[in-house]
Amino acid sequence: MTQAILTPDTASEAGDGTQIGGQSKKVFVKTYGCQMNVYDSERMGDALTRDGYQTVDTVEAADLVLINTCHIREKAAEKVYSQLGRLAKLKKQRKADGGDLMVAVAGCVAQAEGREIIRRAPVVNVVIGPQTYHRLPEALAKARQGESVVETDFPTEDKFDGLPTTPEKAIRARGVAAFLTVQEGCDKFCTFCVVPYTRGAEVSRPVDRILSEAERLASAGVREITLLGQNVNAWHGKGADDREWGLGELVRRLATIDGIDRIRYTTSHPRDMDDALIEAHRDLPELMPYLHLPVQSGSDRILKAMNRRHTAAEYVKLVERIRAARPDIALSGDFIVGFPGETDADFEDTMQLVREVNYASAFTFKYSIRPGTPGADMDNQVDEAVKTERLARLQDLINEQTRAFGRECVGRTVDLLLEKPGRNTDQLIGRSPWLQPVIVDAKLGKIGDIIRVRITQPGTTGLFAEIAE
Ligand code: SAM
Ligand code: SF4
């Protein structure tokens, strides 16, 4: 008897589970990290489906386990190694029973660790970085011949050109809200962050590819798209009118696609929030009034040490301009406490900025060292207990703001996109324009409908609503 080691969280279209060369092809995909990783797993799933794989939802049923890793959390690599240790035991058991198990590690930990993964965990057959995963079927074919394959270069070819378009059936299976990567990589080099090293330089996908992917999504029933990029608002490209477009122009064009009723984008850098994008928030009902705009710290000294290239006052002024254009916009952010050299006074500046901006939600992190980043070599690291205490205070403040925002929403009439069944069979869950999950009676509509509701009460994990008269 083997035990479930991982749980599924990535759906992709089931192929027919064909046998090629006498081997069954069943893949279990486990995704960690951000929305970009979810998107990448879906695209790897598409490539594997074309290659004859069927997606299964337990490790036990799989002959290939694909782990799409994230490097942003603390000790990410160690967690991957301990998981690989468990898979090694399963593989040994399989071999003893006359079978086999292949293991592929993808994503940012794969990029950062490279061949070291195979050295420390020989159970792994393929290591593949975020920019090379279009080569996954080819790498697996080599691995099946007994070779250990490491693909972590930053290739000159566009990986998206090497990937199959997602079949309509798979799009439908993934739901009415979809991700669409428009930009990858980062040239900002914040001193705490590993992304420029694992995802590579900033690259924007061309307009025509983005539009055709969005049109495919719309024709398969998708009503909301979230444009993804590590620095999504740094996206730029040549538009149909031959002018250089920024994200604002792209969003304007996407809003004209029949069937796309809602557009979101994440994650933005304050320095790339230009007038055209702010005007898009002012003008386009399709662009949802929600913005994730990380600031990281409220102290100019720390922002400088982080190489964020903006001050706290510039950020606050930017927020004022965005709110002037779209007064009901809900703001979210990312914060790091305990960056090297952060004093009590610096932390108080962060608390002050949070009070001033008033967030609808935010992600908060204790600074943790990422090997290879400048922050890792700074000698004024903050004591762990101090970080813990600061994080708790910041989270209390943000949680209070989130609850207050939920209470403010009670009585508002909003459009809700129904996305999935609720925990109870008589409920459906939709998203408010401000990204809050809203629970309604299942009789009010079906998945994919946009219904007009009135928010009636805040709950622990979302809001409740009834049909608006
Ligand atoms: N590109 C986005 C930006 O510019 O803010 C976000 C990138 S990162 C994937 C998501 C968040 O993880 C960051 O905004 C930051 O708050 C957090 N993060 C990144 N590196 C970190 C580290 N070394 N320690 C703690 N938090 C970190
Ligand atoms: Fe990392 Fe974002 Fe800074 Fe780029 S802008 S280095 S992704 S935190």
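Above this note sits the structure.
Residues numbered from 1 in each chain as written. Chains lettered and ligands numbered in written order. Predicted model: local features only at pLDDT ≥ 70, side-chain atom pairs only at ≥ 80, totals over all residues. Heavy atoms only, no water.

### A closer look at the packing of helix 12 (residues 312-325) against helix 13 (residues 344-357)
Okay, so step 1: At a minimum axis separation of 11 Å, helix 12 and helix 13 run at an interaxial angle of 10°. Here helix 12 is positioned roughly parallel relative to helix 13, judged by the angle of their axes. Judged by residue contacts, Ala 312, Tyr 315, Val 316, Val 319 and Arg 323 of helix 12 engage Leu 353, Glu 356 and Val 357 from helix 13.
Okay, so step 2: Here the residues of the contact of helix 12 with helix 13 are counted per class, giving six nonpolar, no polar and two charged. (Axes fitted to C-alpha atoms, helices over the stretch in contact; angles between N-to-C directions. Helix = DSSP H or I, 4+ residues; strand = E, 2+ residues; numbered from the N terminus. Parallel < 35°, antiparallel > 145°, perpendicular 65-115°, else oblique. Contact = heavy atoms within 4.5 Å. Nonpolar A, V, L, I, M, F, W, Y, C, P; charged D, E, K, R; others polar.)

### Some thoughts on the packing of aromatic side chains
Okay, so step 1: Following the criterion strictly, the structure yields six aromatic pairs and no others.
Okay, so step 2: The interplanar angle of 75° and the centroid separation of 5.6 Å between the aromatic rings of Phe 189 and Tyr 197 together place this pair among those described as edge-to-face.
Okay, so step 3: Taking the relative accessible area as the measure of exposure, Phe 189 reaches 37% and is therefore partly exposed.
Okay, so step 4: Between Phe 192 and Phe 339, the aromatic rings sit 6.5 Å apart at their centres with planes inclined by 80°, giving edge-to-face as the arrangement. Taken as a pair, Phe 192 in the loop between strand 10 (183-184) and helix 7 (195-198) and Phe 339 in the loop between strand 17 (330-337) and helix 13 lie far apart in primary sequence, 147 residues in all. An identical accessibility class is assigned to Phe 192 and Phe 339; each is buried.
Okay, so step 5: Through successive ring pairs, a cluster of aromatic residues spans Phe 192, Phe 339 and Tyr 367.
Okay, so step 6: Looking at Lys 30, its charged tip hangs above the ring of Tyr 32, at a distance of 5.3 Å from the centre.
Okay, so step 7: Its guanidinium or amino end placed over the ring of Phe 160, Arg 205 lies 3.9 Å from that ring's centre, counting from NZ or CZ. (Phe/Tyr/Trp six-rings, centres within 6.5 Å; stacked < 30°, edge-to-face > 60°. Buried < 20%, exposed > 50% of the residue type's maximum accessible area, 1.4 Å probe, protein only. Lys NZ or Arg CZ within 6 Å of the ring centre and 35° of its normal.)

### Observations concerning helix 5 (residues 136-144)
Okay, so step 1: When helix 5 is considered as a whole, its buried residues turn out to be Leu 136, Pro 137, Ala 139, Leu 140 and Ala 143. One side of helix 5 carries all its buried residues, which in axial view fall inside an arc of 160°.
Okay, so step 2: Buried positions along helix 5 lie against helix 1 (35-50), strand 5 (64-69), strand 6 (102-107), strand 7 (126-128) and strand 8 (149-151).
Okay, so step 3: Of the residues flanking the end of helix 5, it is Gly 146, one or two places downstream, whose phi is positive at about 100°. (Arc of directions from axis to C-beta.)

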